[in-house]
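In case you want the letters, here they are:
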Amino acid sequence: MRDTMVAFGGLSAVSQVVGPFVPHSASGAVVGLSVGACLGWGLLRSRPVTRVRQVFRRPDMTVVVEAGDVFDQPAHLVVGFCDTFDTLSAGGRLINAGSVQAQLLDRRYGGDVRRLDAELAAALAVAGPVAREERADKPLGKLDRYPVGTVAVLGTRPRLVFGVAYSRIGNDYVAASGVEDLWRGLGGLWDALRTHAQLEAVAMPLVGSGLARLGHLDRDSLLRLVLMSFVARSREGTICRELRVIIRPEELDGVDMRELAAFLNALASGPER
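Our subject in this report is the structure included herewith. (Residues numbered from 1 in each chain as written. Predicted model: local features only at pLDDT ≥ 70, side-chain atom pairs only at ≥ 80, totals over all residues. Heavy atoms only, no water.)

**Digging into the nonpolar core**
The following threshold applies: Think of a nonpolar core as a cluster: buried Ala, Val, Leu, Ile, Met, Phe, Trp, Tyr and Cys residues, connected wherever their side-chain atoms sit within 4.5 Å. Note on exposure labels: buried denotes an accessible area under 20% of the residue type's maximum, exposed denotes more than 50%, and partly exposed covers the range between, all computed with a 1.4 Å probe on protein chains only. Segments assigned H or I by DSSP are reported as helices when at least four residues long, segments assigned E as strands when at least two residues long, and all are numbered from the N terminus. When checking whether two residues touch, look at their non-hydrogen atoms; a contact exists if any pair is within 4.5 Å.
Core analysis: the largest hydrophobic core is formed by 42 residues, its most contacted members being Trp190 and Met204. Elements supplying a minimum of two residues to this core: strand E1 (51-56), strand E2 (61-67), strand E7 (161-169), helix H5 (179-196), strand E9 (202-205), helix H6 (219-234), strand E10 (242-247) and helix H7 (257-268). When residues of this core are assigned to their parent elements, the largest contribution, seven residues, is made by H6. Excluding residues within four positions of it along the chain, Met204 makes contact with Val70, Val78, Leu186, Leu189, Trp190, Val226, Leu243, Arg244, Val245 and Ile246. Formed by 24 residues, the second largest nonpolar core is a distinct cluster that contains Ala75, Val100, Ala201 and Ile246.

Structural data, given as structure tokens:
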């Protein structure tokens, strides 16, 4: 209704200017066609948008936000972890069965947690933990804690997995993250992608929208935070040629895709375009 009324108002303004110079401009047929055109425009604008694509020129890159399954993307994959890089779900106490991390184990590693743990251990050997919990304090899961922003590069080409720690898990098995943690995690992720992705396409879910306790930010705000971080770091040096942020279809209602398209266009139209 809003878009229909906007179109009708614009058409009315035009008709008031050109009407005196156009014979029969106020006839029933013309009015009917005008109303129909406005209704058609309103219906067109009301269709759900499931994909937004924005091309940037400086640097040369593309950002895509769309609904879908991140594991179906022919691209490198980003998966969020907590600071202990736990892999066992422990009946859902450590890792929610519906999380991207749980799907990583099932869909990329066939449920082989030993292989995933071995790759994580090899990737994290160069990082080094900053603390270690006592088993009495944390009966389940891993004990070594790594800095937020640590990235474990897993798998082999052409589809690497970038496991980024952007939350901390307490000894009560509750994961928590803040805006600063997410921003630091994204910074570490962009650095790792610049080093290892070789400018190839990267797909990532909307990190922070699950159980990492960033609930004080809605999905729109989270998405804009991720995109602002990516664009800002890309202007320091190209990270990848295409970043795809994949949103679960059931979460799409929490994102205004038209407003997002305008936001991305504003980022691309800045002085560095």
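More follows now that the structure is in view.
**A short note on the side chain of Ser177**
Defined as follows: Counted as a polar contact is a pair of N or O atoms within 3.5 Å, where, for protein atoms, one must be capable of donating a hydrogen and the other of accepting one, and residues adjacent in sequence contribute only when both atoms are in side chains.
Mapped onto the elements of the fold, Ser177 is located in the loop between strand E8 (175-176) and H5. Side-chain polar atoms of Ser177 contact the backbone oxygen of Tyr166, separated by 2.6 Å.

**With respect to H6**
In an α-helix, one turn spans 3.6 residues, which is why side chains three or four residues apart end up on the same side. Here is the rule: Here a helix's expected span is defined as the number of its residues, less one, multiplied by 1.5 Å.
Along its 16 residues, H6 runs 22 Å from first to last C-alpha, staying within 8% of the 22 Å computed at 1.5 Å per residue. Buried residues in H6 make contact with E1, E2, H5, E9, E10 and H7.

**Quick look at the environment of Ala192**
Along the polypeptide, Ala192 turns up in helix H5. What makes Ala192 buried here is its relative accessible area of 10%. Once the C-alpha coordinates of Ala192 and Phe162 are considered, the two residues, 30 residues apart in sequence, prove to be 7.8 Å apart. Residues in contact with Ala192, not counting those within four places in the same chain, are Val151, Phe162 and Ala197.

**Looking at the packing of aromatic side chains**
Note on aromatic pairs: each is described by the distance of the centres and the angle between the planes. What counts, and what does not: We call Phe, Tyr and Trp rings a pair once their centres come within 6.5 Å, taking the six-membered ring for Trp, and we label the pair stacked below 30 degrees between planes, edge-to-face above 60, and tilted otherwise.
Within this structure, the stated rule accounts for three aromatic pairs. Between Phe85 and Tyr146 the ring centres are 5.8 Å apart and the planes differ by 85°, which places this aromatic pair in the edge-to-face class. Within this pair, whereas Phe85 is found in the loop between strand E3 (76-82) and helix H3 (100-107), its partner Tyr146 is found in the loop between strand E5 (144-145) and strand E6 (151-154), the two being separated by 61 residues in sequence. Assessed through its relative accessible area of 0%, Phe85 is described here as buried. Each member of the aromatic cluster is reached from another via a ring pair, and the members are Phe81, Phe85 and Tyr146.

**Re the environment of Leu199**
As for its placement among the helices and strands, Leu199 is situated in the loop between H5 and E9. Take Leu199: its relative accessible area is 33%, and that puts it in the partly exposed class. Spatially, the C-alpha atom of Leu199 lies 7.9 Å from that of Glu242, the residues being 43 residues apart in sequence. Residues in contact with Leu199, not counting those within four places in the same chain, are Thr238, Ile239, Cys240 and Arg241.

**Things to note about the pairing of E6**
Worth spelling out the cut-off: Should DSSP find at least two bridges between two strands, the strands are taken to pair.
As defined by bridge partners, E6 adjoins E7 across four bridges and the pair is classed as antiparallel. Along E7, the bridge assignment pairs Val153 with Phe162. Here E6 folds back onto E7, and the loop between the two strands holds six residues, one of which, Gly155, carries a positive phi near 80°.

**With respect to the side chain of Gln101**
For Gln101, the position within the fold is in helix H3. Ignoring sequence-local partners within four residues, the contact set of Gln101 consists of Val79, Gly80, Phe81, Asp86, Thr87 and Ile95.

**As for unusual backbone geometry**
Negative phi characterises most residues that are not glycine, and trans characterises most peptide bonds. Look at the link from Arg58 to Pro59: it is a cis peptide, with omega at 0°. Of note, Pro59 is situated in the loop between E1 and E2. Of the consecutive residues Arg157 and Pro158, the connecting peptide bond is found in the cis state with omega at 15°. Locating Pro158 in the fold gives a position in the loop between E6 and E7. In this model, Phe85 sits at a positive phi of 50°, which is unusual for a non-glycine residue.

**Here's the deal with the pattern of salt bridges**
The cut-off we apply is this: Throughout this description, the term salt bridge denotes a Lys or Arg side-chain nitrogen within 4 Å of a carboxyl oxygen of Asp or Glu.
Following the criterion strictly, the structure yields 17 salt bridges and no others. The closest approach of N and O atoms between Asp86 and Lys138, which form a salt bridge, is 3.2 Å. You can see Asp86 sitting in the loop between E3 and H3 and its partner Lys138 sitting in the loop between strand E4 (131-132) and E5, a full 52 residues away along the chain. Per residue, the accessibility class of Asp86 equals that of Lys138, and both read buried. Between Glu200 and Arg157 there is a salt bridge; the shortest N-O distance is 3.0 Å. Within this pair, whereas Glu200 is found in the loop between H5 and E9, its partner Arg157 is found in the loop between E6 and E7, the two being separated by 43 residues in sequence. Relative accessible area serves as the criterion here: at 33%, Glu200 is assigned to the partly exposed category. Through salt bridges with shared partners, one network takes in Asp191, Arg194, Arg233 and Glu236.

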